[in-house]
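Residue strings, one per chain:
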Amino acid sequence: MMSRTVSQPRAAARRAPIDHGRWVPALFVAPVALYLLVFQGYPLVQEFLLSVTSTSLLSPGQQTYVGLDNYRELVFDPEFHQVLRVTAVYTLVCVVASIGLGLLAALLLDGTFRGRGIARALVTIPWAAPPVAAALIFVWMFNAQYGLFSHLAQFLGFAEGGVNWLDEPSYALPAILITTIWQIFPFSSVVILAALQGVPSELREAAVIDGADRLSIFRAVTWPTIRPSVALLTLLITVWSLRRFDVIWLMTQGGPLGETNTLVIDLYRRAFVYLDLGRAAAVGIIGLVVAILVTLVYFWLSTRAEKAAGKR
């Protein structure tokens, strides 16, 4: 009896202690995971199931399974090829121009001058403006009769009469790009300006003492510090450009002749203009795949850059 009583504490002592702390991170992540599963995962599954059917908006309950026919028709559709081309051009120009202008503005605002605080506040106005209001303002500015850009093109000799920007196939996409870049480049400038605050002043001073010029200081000191922020900013603006709907729809609705018809606009037109929910869902899935591929490329390049920096 005595030996059994003594062996029980020894057996309990040999048991591994239960680590309750390892469940704490899972408890914090669980609400977010549940939210993503319910409001992101379930709709995506339903969208994919819809994309393999022939469904009309007028009778959504009557669905006919067609397999991958919607995707096959999109792959061989010349109009959808134009949609992909317009989306690629729109996204690339938005990313390059907004980050380039944002970097230039951030470098200027990072200097010491009188009224710097006011200038930093003013540069954020386009980003704070509602997209609907900005689109309507630029519609007036691109008007052929009394628009500012029409008079400017006439003054510079690009056109003898007024330029109908939003109705001309060759001018519509540049007009959309001007509006979009004007609105999103302040966000780039704010993010890059915040990154510039983390550049060590000691390294700058040492480079100046060594006789380095401004370009050399930027390449050797400033750019390595702000590069991760610029890389993340590139990803964000790329995804935002792929999803941009409000400005394009309000200004051109994808026209003229499909010259501003991006993936998101094409999805909306197929679903609510042509009433083809199945093919619209297929366009949405293709857009999702494109966004995922862009994200994977970003993380691959980031990992590669970190390994290269570690070897140095």
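Calculation notes
Residues numbered from 1 in each chain as written. Predicted model: local features only at pLDDT ≥ 70, side-chain atom pairs only at ≥ 80, totals over all residues. Heavy atoms only, no water. Helix = DSSP H or I, 4+ residues; strand = E, 2+ residues; numbered from the N terminus. Expected span 1.5 Å × (residues − 1). Bend = angle between axes of the 7 residues up to and from the residue. Phe/Tyr/Trp six-rings, centres within 6.5 Å; stacked < 30°, edge-to-face > 60°. Buried < 20%, exposed > 50% of the residue type's maximum accessible area, 1.4 Å probe, protein only. UniProt positions renumbered as here; feature names shortened; annotations may be inferred. Axes fitted to C-alpha atoms, helices over the stretch in contact; angles between N-to-C directions. Parallel < 35°, antiparallel > 145°, perpendicular 65-115°, else oblique. Left-handed = near helix turned anticlockwise from the far one by under 90°. Contact = heavy atoms within 4.5 Å. Nonpolar A, V, L, I, M, F, W, Y, C, P; charged D, E, K, R; others polar. Salt bridge = Lys/Arg side-chain N within 4 Å of Asp/Glu carboxyl O. Domains from an automatic or database assignment. Buried area = accessible area lost by both parts, 1.4 Å probe. Polar contact = N/O pair within 3.5 Å; in protein donor to acceptor, adjacent residues only side chain to side chain. Pairing = 2+ DSSP bridges. Patch = residues over 30% accessible without salt bridge, like charges linked within 9 Å, V, L, I, M, F, W, Y side chains within 5 Å. Areas by Shrake-Rupley, 256 points an atom, 1.4 Å probe, with all protein chains shown as cover.

Caption draft 1: Main features of helix α2 (residues 24-51). For α2, spanning 28 residues, the distance from its first C-alpha to its last is 39 Å, which sits close to the expected 40 Å at 1.5 Å a residue. At L37, α2 shows its strongest bend, of approximately 35°.

Caption draft 2: Molecular detail of the packing of aromatic side chains. Counted by the stated rule, this structure contains 18 aromatic pairs. With a centroid separation of 5.2 Å and an interplanar angle of 50°, the aromatic rings of F142 and W165 are classed as tilted. Taken as a pair, F142 in the loop between α7 (131-141) and α8 (148-155) and W165 in the loop between α8 and α9 (169-196) lie far apart in primary sequence, 23 residues in all. Each member of the pair, F142 as well as W165, is classed as buried. For the ring pair F218 and W223, a centre distance of 6.2 Å and an interplane angle of 40° mean the geometry is tilted. Three or more aromatic residues joined by ring pairs make a cluster, and in this case those are F138, F142, F149, W165, Y171 and W182.

Caption draft 3: Molecular detail of the UniProt feature "transmembrane region" (unreviewed entry) in the protein chain. The sites that carry the UniProt feature "transmembrane region" (unreviewed entry) are, in the present numbering, residues 21-42, 88-109, 121-142, 171-196, 217-242 and 280-301. Across residues 171-196, helical content stands at 100% and strand content at 0%; the span's end C-alpha atoms are separated by 36 Å. End-to-end, the C-alpha atoms of residues 217-242 are 35 Å apart, and along that stretch the chain is 100% helix and 0% strand.

Caption draft 4: Structural view of the packing of helix α10 (residues 201-209) against helix α11 (residues 214-243). At a minimum axis separation of 10 Å, α10 and α11 run at an interaxial angle of 155°. For the element pair α10 / α11, the angle class is roughly antiparallel. In this structure, α10 crosses over α11, and the sense of that crossing is right-handed. Side by side, α10 and α11 meet where L203, R204, A207 and V208 of the first sit next to I217, V221 and T222 of the second. For the contact of α10 with α11, the class distribution of residues is five nonpolar, one polar and one charged.

Caption draft 5: Looking closely at the pattern of salt bridges. Applying the stated criterion across every chain yields a total of eight salt bridges. In this structure, the salt-bridge partner of D246 is R244, at a minimum N-O distance of 3.8 Å. With relative accessibility at 27%, the residue D246 sits in the partly exposed group. We classify R244 as buried; its relative accessible area is 13%.

Caption draft 6: Quick peek at the environment of Y298. Following the sequence through the fold, Y298 ends up in helix α14 (residues 277-311). A relative accessible area of 17% means that Y298 is categorised as buried. In sequence terms Y298 and G115 are 183 residues apart; their C-alpha atoms lie 37 Å from each other. When sequence neighbours within four positions are dropped, the list of residues in contact with Y298 reads A231, L232 and L235.

Caption draft 7: Representation of the domain arrangement of the protein chain in the model. You can read the domains of the protein chain as domain 1 (44-76 + 276-311) and domain 2 (79-275). Each of domain 1 and domain 2 was reduced to a C-alpha centroid, and the two centroids are 26 Å apart. Every contact between the two is made by 20 residues of domain 1 and, on the other side, 15 residues of domain 2. Roughly 1500 Å² is buried in total at the junction of domain 1 and domain 2, and carbon and sulfur atoms are behind 77% of that figure. Linking domain 1 to domain 2 there are zero salt bridges. Joining domain 1 to domain 2, the criterion identifies four residue pairs in polar contact (both at pLDDT 80 or more).

Caption draft 8: Layout of the pairing of strand β2 (residues 59-65). Pairing analysis gives four bridges linking strand β1 (residues 53-56) to β2, with the strands arranged antiparallel. Bridged to T55 within β2 is Q63. What sits between the antiparallel neighbours β1 and β2 is a turn of two residues.

Caption draft 9: Quick peek at a nonpolar patch on the surface. A grouping of V32, L34, Y35, L36, L37, V38 and F39 is seen on the molecular surface, where their side chains present a nonpolar patch of about 710 Å² in accessible area. Looking at the secondary structure, you find L34 in helix α2.

Caption draft 10: The arrangement of helix α4 (residues 78-109) in detail. Along its 32 residues, α4 runs 46 Å from first to last C-alpha, staying within 8% of the 46 Å computed at 1.5 Å per residue. One side-chain oxygen at the N-terminal end of α4 lies 3.2 Å from the backbone nitrogen of E79; it belongs to D77.

Caption draft 11: Fine view of unusual backbone geometry. In this structure, the amide linkage connecting G255 to the following residue, P256, adopts the cis form with an omega of -5°. Mapped onto the elements of the fold, P256 is located in the loop between α12 (246-251) and α13 (263-272). With a phi close to 65°, L275 is a non-glycine residue in the positive phi region. Tracing the sequence through the fold places L275 in the loop between α13 and α14.

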